[in-house]
Amino acid sequence: LRPPFVTPAAAHSHPDCRAILTLIVAPELRAYVAINKAVIDGAVIKLDVMNTGQTPAKKVFIRPRIYIAAPPFEVDLPMYKPKTGTNLGVLWQNLPVTITVKEDRMTDEMIEALKSKTRALYVYGDISYVDAFGNSCTTTFRLMAGGDIGCPDDKLSVCPEGNDYK
């Protein structure tokens with residue numbers, strides 16, 4: 001016996017079929033928004049935000065935070081929700097958008113401290129957006145320069161924890 005065949009017209013018209021198709025197709029086609037690249041440029045941190053999914057992300061809003069730590073570098077970063085952030089609107093697939101975060105403490109001395117591993121800079125936060133299926137999604141991110149890894153080429157590295165898609 002052959003499995004039952006559902007025509008596209010039937011799939012779109014019957015609520016049960018639409019629900020099943022959404023469960024199967026949504027994870028494959030949804031938007032996934034994250035930080036693609038982060039660099040230190042003097043007192044400014046440049047974050048490239050990119051949608052690596054298959055559909056556009058709407059109502060994209062990023063709330064970055066900065067924390068500078070001295071040793072030991074195992075810190076609990078405060079996860080408050082700042083009222084300020086950057087509204088990016090719609091993010092199309094694979095087109096990075098660069099935002100900047102100014103940090104007055106990023107002097108030449110601080111950059112040298114990051115490179116010599118005596119200080120650590122954490123850039124972390126969340127990105128909220130709505131996918132093509134109308135679902136509210138959140139990406140949390142945590143990046144680091146200095147600390148145990150130093151600051152190669154003035155780039156921030158992804159931390160092993162604190163990054164998640166929901």
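Residues numbered from 1 in each chain as written. Predicted model: local features only at pLDDT ≥ 70, side-chain atom pairs only at ≥ 80, totals over all residues. Heavy atoms only, no water.

Draft legend 1. Seen up close, the overall build of the chain. Counting its secondary structure elements, the chain contains three helices and nine strands. Across the chain, helices and strands are ordered from the amino to the carboxyl terminus as α-α-β-β-β-β-β-α-β-β-β-β. The 166 residues of the chain split such that 39% are buried. Of all intrachain contacts in the chain linking residues separated by at least 6 positions in sequence, the fraction that spans at least 24 positions is 66%. (Helix = DSSP H or I, 4+ residues; strand = E, 2+ residues; numbered from the N terminus. Buried < 20%, exposed > 50% of the residue type's maximum accessible area, 1.4 Å probe, protein only. Contact = heavy atoms within 4.5 Å.)

Draft legend 2. Spotlight on unusual backbone geometry. Although it is not a glycine, Asn-94 sits at a positive phi angle of roughly 60°. Not every positive phi belongs to a glycine, and Lys-117 is a case in point at roughly 70°. For Lys-117, the location among the structural elements is in the loop between α3 (108–115) and β6 (120–130). Its relative accessible area of 41% is what places Lys-117 among the partly exposed residues.

Draft legend 3. Representation of the layout of surface pockets in the model. When its volume is computed, the largest pocket comes out at roughly 170 Å³. Sorting the residues of the lining of the largest pocket by element identifies β7 (136–146) and β8 (157–158) as the ones contributing at least two each. Here the lining of the largest pocket is composed, by residue class, of nine nonpolar, one polar and three charged. (1 Å grid on protein atoms, 1.4 Å probe; cavity = no way out; pocket = protein on both sides within 12 Å on 5 of 7 lines; lining within 4 Å. Points joined across faces, edges and corners; volume = space filled by probe spheres on them. Nonpolar A, V, L, I, M, F, W, Y, C, P; charged D, E, K, R; others polar.)

Draft legend 4. Spatial organisation of the nonpolar core. Ile-35, Ile-40, Leu-47, Ile-62, Leu-121, Ile-127 and Leu-156 are the most contacted members of the largest nonpolar core, which totals 31 residues. Put simply, the parts of the chain that give this core at least two residues each are β1 (33–41), β2 (44–51), β3 (57–69), β4 (86–91), β5 (97–102), α3, β6 and β7. Among the elements that take part in this core, β3 stands out by supplying five residues, more than any other. Once residues lying within four places of it in the same chain are set aside, the contact partners of Leu-121 are Ile-40, Ile-45, Ile-66, Tyr-67, Ile-68, Met-106, Leu-114, Leu-143, Met-144, Ala-145 and Leu-156. Judged by nonpolar contacts, the second largest core, of eight residues, contains Ala-69, Phe-73, Met-144 and Cys-159. (Core = buried A, V, L, I, M, F, W, Y, C linked by side-chain atoms within 4.5 Å.)

Draft legend 5. View of the sheet that holds β5. As summarised here, the arrangement of the three strands in space is β1-β2-β5, forming an open sheet in which the pairing is antiparallel. Two strands lie at the open edges of the sheet, namely β1 and β5, each paired on one side alone. For this sheet the average axis-to-axis angle between neighbouring strands, irrespective of direction, equals 25°. Of the pairings in the sheet, the one linking β2 to β5 comprises six bridges and is antiparallel in character. If you follow Asp-48 over to β5, its bridge partner there is Thr-98. (Pairing = 2+ DSSP bridges. Axes fitted to C-alpha atoms, helices over the stretch in contact; angles between N-to-C directions.)

Draft legend 6. Structural detail: α3. The complete set of buried residues in α3 reads Met-110, Ile-111, Ala-113 and Leu-114. Across the axial projection of α3, the buried residues extend over an arc of 155°, all falling on one side. The exposed set on the far side of α3, more than 90 degrees from its buried face, consists of Asp-108 and Glu-109. The inward-facing, buried residues of α3 contact β1, β3, β6 and β7. Among the residues trailing α3, Lys-117 stands out with phi positive, at a value near 70°. (Arc of directions from axis to C-beta.)

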